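# Inside the fold
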Amino acid sequence: MPEIKKAGIPLNEAKKAAILIHGRGATASSILTLSNHLNLNGFALFAPQGEGNTWYPYSFMAPDQQNRIALESSIATLESVWKQIEHAGIKPEQVYFIGFSQGACLSLEFAARNAQKLGGIIAFTGGLIGEKLQPEKYAGDFEGTPVFIGSSDRDFHVPATRIKESAALMEKMGAKVKTWLFDDPEHTIRQEEIEWVNKNILM
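Here the structure is a predicted model, which is why all the values come from computation and not from measurement. (Residues numbered from 1 in each chain as written. Predicted model: local features only at pLDDT ≥ 70, side-chain atom pairs only at ≥ 80, totals over all residues. Heavy atoms only, no water.)

### Some details on the overall build of the protein chain
Check the secondary structure of the protein chain and you find five helices and seven strands. Listed N to C, the secondary structure of the protein chain is β-β-α-β-α-β-α-β-β-α-β-α in terms of helices and strands. Whereas a compact globule of 203 residues would reach a radius of gyration of roughly 17 Å, the protein chain reaches 15 Å, a difference of no more than 12%. A principal-axis box enclosing the C-alpha atoms of the protein chain has dimensions of 40 × 35 × 30 Å. Partitioning the contacts of the protein chain with sequence separation of at least 6, the portion at a separation of at least 24 is 79%. Between the centroid of the 20 positive side chains of the protein chain and the centroid of its 23 negative side chains there is a distance of 3 Å. (Helix = DSSP H or I, 4+ residues; strand = E, 2+ residues; numbered from the N terminus. Rg over C-alpha atoms; globule rule 2.2 N^0.38 Å. Contact = heavy atoms within 4.5 Å. Lys, Arg positive; Asp, Glu negative; His and termini not counted. Charge placed at Lys NZ, Arg CZ, Asp CG, Glu CD.)

### Section: the side chain of S74
Relative to the helices and strands, S74 is located in helix α2 (residues 64-87). Judged by its relative accessible area of 5%, S74 is buried. Apart from the residues within four sequence positions on either side, S74 is in contact with W55 and L106. (Buried < 20%, exposed > 50% of the residue type's maximum accessible area, 1.4 Å probe, protein only.)

### Considering the packing of α2 against helix α3 (residues 102-113)
For the pair α2 and α3, interaxial distance at closest approach is 10 Å and the crossing angle is 70 degrees. Here α3 runs roughly perpendicular to α2, going by the angle between their axes. Within the contact between the two elements, α2 uses L71, E72, S74, I75, L78, E79 and W82 and α3 uses L106, E109, F110 and R113. Residues belonging to the contact of α2 with α3 are distributed by class as follows: six nonpolar, one polar and four charged. (Axes fitted to C-alpha atoms, helices over the stretch in contact; angles between N-to-C directions. Parallel < 35°, antiparallel > 145°, perpendicular 65-115°, else oblique. Nonpolar A, V, L, I, M, F, W, Y, C, P; charged D, E, K, R; others polar.)

### Here we look at the sheet that holds strand β4 (residues 95-100)
Note: strands within a sheet are paired through backbone hydrogen bonds, in either parallel or antiparallel orientation. Taken together, seven strands build an open sheet; the order of strands is β1-β3-β2-β4-β5-β6-β7 and the sheet is mixed. If you trace the sheet from one side to the other, it starts and ends with β1 (4-8) and β7 (176-182), each paired once. Strand-to-strand twist of the sheet, defined as the mean angle between neighbouring strand axes without regard to direction, takes the value 15 degrees. Direction of pairing for strand β2 (residues 16-21) relative to strand β3 (residues 43-48): parallel, over a ladder of four bridges. If you follow A17 over to β3, its bridge partner there is A44. (Pairing = 2+ DSSP bridges.)

### Points about the pattern of salt bridges
As enumerated under the stated definition, the model contains nine salt bridges in all. Note that D183 is salt-bridged to R154, the shortest N-O span being 2.9 Å. Highlighted residues: D183 in the loop between β7 and α5 (191-200) and R154 in the loop between β6 (146-152) and α4 (160-172), separated in sequence by 29 residues. Note on D183: relative accessible area 65%, which makes it exposed. One salt-bridge network, in which partners are shared between bridges, spans E72, E109, R113 and K137. (Salt bridge = Lys/Arg side-chain N within 4 Å of Asp/Glu carboxyl O.)

### Focus on the nonpolar core
Residues F97, I121, F142 and M170 are the most contacted members of the largest nonpolar core, which totals 44 residues. Counting only elements with at least two residues in this core, the list comes to β2, β3, α2, β4, α3, β5 (120-124), β6 and α4. For this core, the leading source of residues is α3, giving seven residues. If near-sequence neighbours (up to four positions away) are discounted, M170 is found in contact with L108, I121, L128, F142, V147, A175 and V177. (Core = buried A, V, L, I, M, F, W, Y, C linked by side-chain atoms within 4.5 Å.)

### Let's talk about the environment of P10
Following the sequence through the fold, P10 ends up in the loop between β1 and β2. According to the relative accessible area criterion, P10 is partly exposed, its value standing at 42%. Separated by 102 residues in the primary sequence, P10 and A112 place their C-alpha atoms 27 Å from one another.

### Focus on α2
Taking 1.5 Å of rise per residue, the 24 residues of α2 would be expected to cover 34 Å, and the 32 Å separating its terminal C-alpha atoms lies within 8% of that figure. Approximately 35 degrees is the largest bend angle found in α2, and it occurs at A70. Looking at α2, one finds that the buried residues are N67, L71, S74, I75, T77, L78, V81, W82 and I85. Close packing links the buried residues of α2 with β1, β2, β3, β4 and α3. Directly after α2, the chain includes G89, whose backbone phi takes a positive value near 90 degrees. (Expected span 1.5 Å × (residues − 1). Bend = angle between axes of the 7 residues up to and from the residue.)

So, in structure tokens, the structure goes:
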């Protein structure tokens, strides 16, 4: 069973839940520190731990076969967290996905494979996973779910072209997507992103 760190208020007392997904080389504990900066009071927080501190071994745009086994295992980990939240009676529109880098990619990928009305998806530097985007992989209707994707306009790991393609595909699936590409080379989470998300998604 995957290790899942929990924080915030107990699930049986919560009306909202957030799943926070760490980046490559990071930990569940480290991504939970984001809760010090985001408006997550009153949330039950879940942070799964990737095996070996990663969710898949190669670039998110590597040939699909290279990542397939690890990626499907990681999707299954998110599915198990989702089921815990669902079993507690929290509605999908009160569930939020928050990820950075590899975790942002995984957040977008899981949500698009299971599109429905969610509280929100917050992807700090990420895009949908695959050598090429395959719209047939994704199903459902986001029904206006707010999605934020922020990144450098020249990030070394996540090309701006893939961010734009991902946003367009998710918009076709009914999401309300905000992309924000910054004129800097940094692979990080910026204060401007935190402030926008707090004001527009985590109100």
